[in-house]
Amino acid sequence: MFFSVPKLLCLLILHISTLDVAARRDKINVLFIMADDLRPSLGCYGDSVVKSPNIDQLASRSQVFFNAYAQQAVCGPSRTSMLTSRRPDTTRLYDFNSYWRVHAGNYSTLPQYFKSQGYTTMSVGKVFHPGIASNHTDDYPYSWSTPPYHPPSFKHENEKMCKGTDGERHANLLCAVNVTDQPGGTLPDLESTEEAVRLLRTRRNHASPFFLAVGFHKPHIPFRIPEKYLSLYPIDQMTLAPDPNIPKRLPPVAYNPWMDVRKREDVQKLNSSFPYGPIPKDFQLRIRQHYFAAVSYMDAQVGKLLSTLDEVGLADNTMVVFSSDHGWSLGEHGEWAKFSNFDVATRVPLIFYVPGVTAAPGWPGEDAAFPFVDVFSQSEHSFKTDRVIRNVVELVDVLPTVSYMAGLRAPAPCPDISFKEELCTEGDNLAYTFQRREKRKQEEDISFSQYPRPADTPQVNSDLPHLKDITVMGYSLRSWDYRYTLWLGFDPNTYQVNVSDVHAGELYMMEDDPGQDNNLYDASDYSLMAKKMAALHHSVSLQKSMRLQLLYLTAGMKASRREP
């Protein structure tokens, strides 16, 4: 939360340029696009398999944050954290069963802040997690000027919609469908796109600025997607995860037994033993095929939104932000789904298009900024991304950064205890990164994620324990060079973590082990280090304490690596 002098100077320069841009075009609109369970399996993130031409095109005119991380790898807690810019320990939401305004504090949200500044704020699809976690209203009317839109066909999402080889319909994981055979002849993301396009067209001649959030449901399971997208990924060209086996030194508490995948009818037929029984390799390939196809399907919906910005003449005064709530394991470490602290579960795409900053404004008569790209066309699509930030950032950084880049005042940093603060941020304002090219790695930049568990060994509720059942909290620090995780005792009645009650630990060196398969944590080294750090004042935060621990542990590792 503290900026160096160079960062502050860059913020000052950027603020002047932002004011200049704002003066020339009035308030800037915001199109905020959220995918669901999307890891950075995109062409613009270096994935050579996935076909995502519309998002890649967006990235070519944007700033791409290459190493962005969620605060908890599950939908409700992550979305609430990002949209309030508070970490899960502040929202006190680790499951789906409480509303932060009642359970923790009356925290303002990203759209609420824009609404207070004169914006018309609108929500389409899955933005907040629906249900109790957003008061059964998607936080309306606090966050939104009009009631949020949810696609009517979503009510069928977990019903028996998938035609099996037996000719009957099933509630399967793999669910590529003929759209015309589905109820209403449509799918949820198709309906959300149609509604979002309609709303954008209504803003063509409006003088007041808007904040439109559009949340797509894919690639979240089940993979109920138009079947034509499977043709983009022939099964004989699919490969397994590079590290499909459970690491030998992985603590049992860290393992996620992917119960939401196990519950699907087609997966149940595989008879994989709980909790570690593997999925057959041929079915693993089909899961990866369907996930990638779901990404391409979602990419097409993004393309329709972006081309509509061009159509209605809003591309030059609308910021576009694209991200996801968290990632999704595709067989890495023998895991599927989210529910862990690994990179595959916590790392997300984060893309900012800011007209006049990341791309020059268009001139009358120029080609469209975002022409729709048909992924099924025969031509190859190649887009170059020039503005890439590789240093570590977090989703709690989104609220202050979007606010600042839109010309609003970024919320102030939160105090250490902020339950009574309505508007503040536990993230960083990343505006300084737009001013200059990244020249070197910032080892001090970190992300901080966490995940709860009900026990030290995998249980049927390990993936998503209710608050009352949480006994262990895994806190994970990700820097450029390392991922460091401590599994600590947790009291759900007081929300307190016991830093002296260490159940397990993980330490991965990213340069040698990018897949995080070789756990270097040594309990005896930790005990020695903990004794030396026992004098730390009790007011030192867990984040700062873990930073200091990481420095201590890795200093010894680096020294040993330098020895002949």
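Computed from a prediction, not measured in an experiment: that's the story for all the values here. (Residues numbered from 1 in each chain as written. Predicted model: local features only at pLDDT ≥ 70, side-chain atom pairs only at ≥ 80, totals over all residues. Heavy atoms only, no water.)

What follows covers the overall build of the protein. In terms of helices and strands, the protein carries 14 helices and 17 strands. A globule of 564 residues ought to have a C-alpha radius of gyration of about 24 Å, and the protein, at 23 Å, matches this closely. Referenced to the eigenvectors of the C-alpha coordinate spread, the extents of the protein come out at roughly 70 × 65 × 50 Å. A separation threshold of at least 6 residues defines the contact pool for the protein, and within that pool the share at least 24 residues apart is 75%. Surface summary for the protein: the accessible area is close to 23000 Å², and the carbon and sulfur share equals 53%. Each charge class in the protein can be summarised by its mean position, and for the 58 positive and 64 negative side chains these summaries are 3 Å apart. (Helix = DSSP H or I, 4+ residues; strand = E, 2+ residues; numbered from the N terminus. Rg over C-alpha atoms; globule rule 2.2 N^0.38 Å. Contact = heavy atoms within 4.5 Å. Areas by Shrake-Rupley, 256 points an atom, 1.4 Å probe, with all protein chains shown as cover. Lys, Arg positive; Asp, Glu negative; His and termini not counted. Charge placed at Lys NZ, Arg CZ, Asp CG, Glu CD.)

Here we take up the confidence of the model for the protein. Low pLDDT marks stretches whose predicted atomic positions should not be read closely. Residues at a pLDDT of 70 or more form 93% of the protein, whose mean pLDDT is 92. Below a pLDDT of 50 lies the segment residues 16–25, which in the model reaches 9 contacts outside its immediate sequence neighbourhood of four places, other chains included. (pLDDT = per-residue confidence, 0-100.)

What follows concerns the pattern of salt bridges. Under the defined criterion, the tally for this structure stands at 18 salt bridges. Residue Arg224 pairs with Glu157 through a salt bridge whose shortest N-O separation is 2.9 Å. Here Arg224, found in strand S8 (residues 223–226), pairs with Glu157, found in the loop between strand S3 (120–125) and strand S4 (162–163); they are 67 residues apart in sequence, far enough to count as distant. You'll find Arg224 and Glu157 in the same group, each marked buried. Here the salt bridges share partners, and the residues they tie into one network are Asp36, Arg79, Lys126 and Asp325. (Salt bridge = Lys/Arg side-chain N within 4 Å of Asp/Glu carboxyl O. Buried < 20%, exposed > 50% of the residue type's maximum accessible area, 1.4 Å probe, protein only.)

This next bit is on the packing of aromatic side chains. For the structure shown, the criterion picks out 25 aromatic pairs. An angle of 85° between the planes, with centres 5.0 Å apart, marks the rings of Tyr353 and Phe370 as edge-to-face. Linking Tyr353 in strand S12 (residues 347–353) with Phe370 in the loop between S12 and strand S13 (387–394), this pair joins segments that are 17 residues apart in sequence. Ring pairs connect the aromatic residues Phe32, Tyr113, Phe114, Tyr119 and Phe211, which therefore count as one cluster. Cation over ring: Arg92 sits above Phe419, and NZ or CZ is 4.4 Å from the ring centre. Above the face of the Tyr142 ring, Arg101 is positioned so that its terminal group lies 4.1 Å from the ring centre. (Phe/Tyr/Trp six-rings, centres within 6.5 Å; stacked < 30°, edge-to-face > 60°. Lys NZ or Arg CZ within 6 Å of the ring centre and 35° of its normal.)

Our focus in this paragraph is the state of the cysteines. Inspection of the entire model under this criterion finds 2 disulfides. Note that Cys162 is cross-linked by a disulfide to Cys175, the S-S spacing being 2.1 Å. Sign of the S-S torsion, about -100° for the bond between Cys162 and Cys175, identifies this disulfide as left-handed. Of this pair, Cys162 sits in strand S4 while Cys175 sits in strand S6 (residues 174–177); the two residues are 13 residues apart in sequence, bridging distant segments of the chain. The pair formed by Cys162 and Cys175 is uniform in burial state, with each residue classed as buried. In this model Cys414 forms its disulfide with Cys424; the gap between the sulfur atoms is 2.0 Å. (Disulfide = S-S within 2.5 Å.)

Attention shifts here to the packing of helix H2 (residues 53–60) against helix H10 (residues 281–311). For the pair H2 and H10, interaxial distance at closest approach is 7 Å and the crossing angle is 50°. Regarding the angle of H2 to H10, the classification is oblique. Only Met298, Asp299, Ala300, Val302, Gly303 and Leu306 of H10 make contact with H2, whose side of the interface consists of Pro53, Asn54, Ile55 and Leu58. Here the residues of the contact of H2 with H10 are counted per class, giving 7 nonpolar, 2 polar and 1 charged. (Axes fitted to C-alpha atoms, helices over the stretch in contact; angles between N-to-C directions. Parallel < 35°, antiparallel > 145°, perpendicular 65-115°, else oblique. Nonpolar A, V, L, I, M, F, W, Y, C, P; charged D, E, K, R; others polar.)

The next subject is the sheet that holds strand S14 (residues 447–453). Strands sit in the order S14-S15-S16-S17 across an open sheet of 4 strands; the sheet is antiparallel. Looking at the sheet topology across the chains shown, the edges are occupied by S14 and strand S17 (496–509). Adjacent strand axes in the sheet meet at a mean angle of 20°, parallel and antiparallel pairs treated alike. Relative to strand S16 (residues 482–491), strand S15 (residues 472–478) runs antiparallel, the two being bridged by 7 bridges. When the sheet's bridge partners are listed, Leu477 is paired in S16 with Tyr484. (Pairing = 2+ DSSP bridges.)

The next subject is a nonpolar patch on the surface. A surface patch of nonpolar side chains, about 250 Å² in accessible area, is lined by Leu536, Leu548 and Leu551. Secondary-structure assignment places Leu536 in the loop between helix H13 (523–532) and helix H14 (542–562). Judged by relative accessible area, which is 35%, Leu536 ranks as partly exposed. (Patch = residues over 30% accessible without salt bridge, like charges linked within 9 Å, V, L, I, M, F, W, Y side chains within 5 Å.)

Right, let's get into the nonpolar core. In this structure, Ile287, Phe322 and Trp328 are the most contacted members of the largest nonpolar core, which totals 85 residues. Of the residues forming this core, the biggest block, 15 residues, is contributed by H10. Excluding its chain neighbours within four sequence positions, the residues that come into contact with Phe322 are Ile33, Ala35, Leu38, Leu42, Ile55, Leu58, Met298, Val302, Pro349, Leu350 and Ile351. Residues Leu83, Tyr107, Ile389 and Leu430 belong to the second largest nonpolar core, which totals 42 residues. (Core = buried A, V, L, I, M, F, W, Y, C linked by side-chain atoms within 4.5 Å.)

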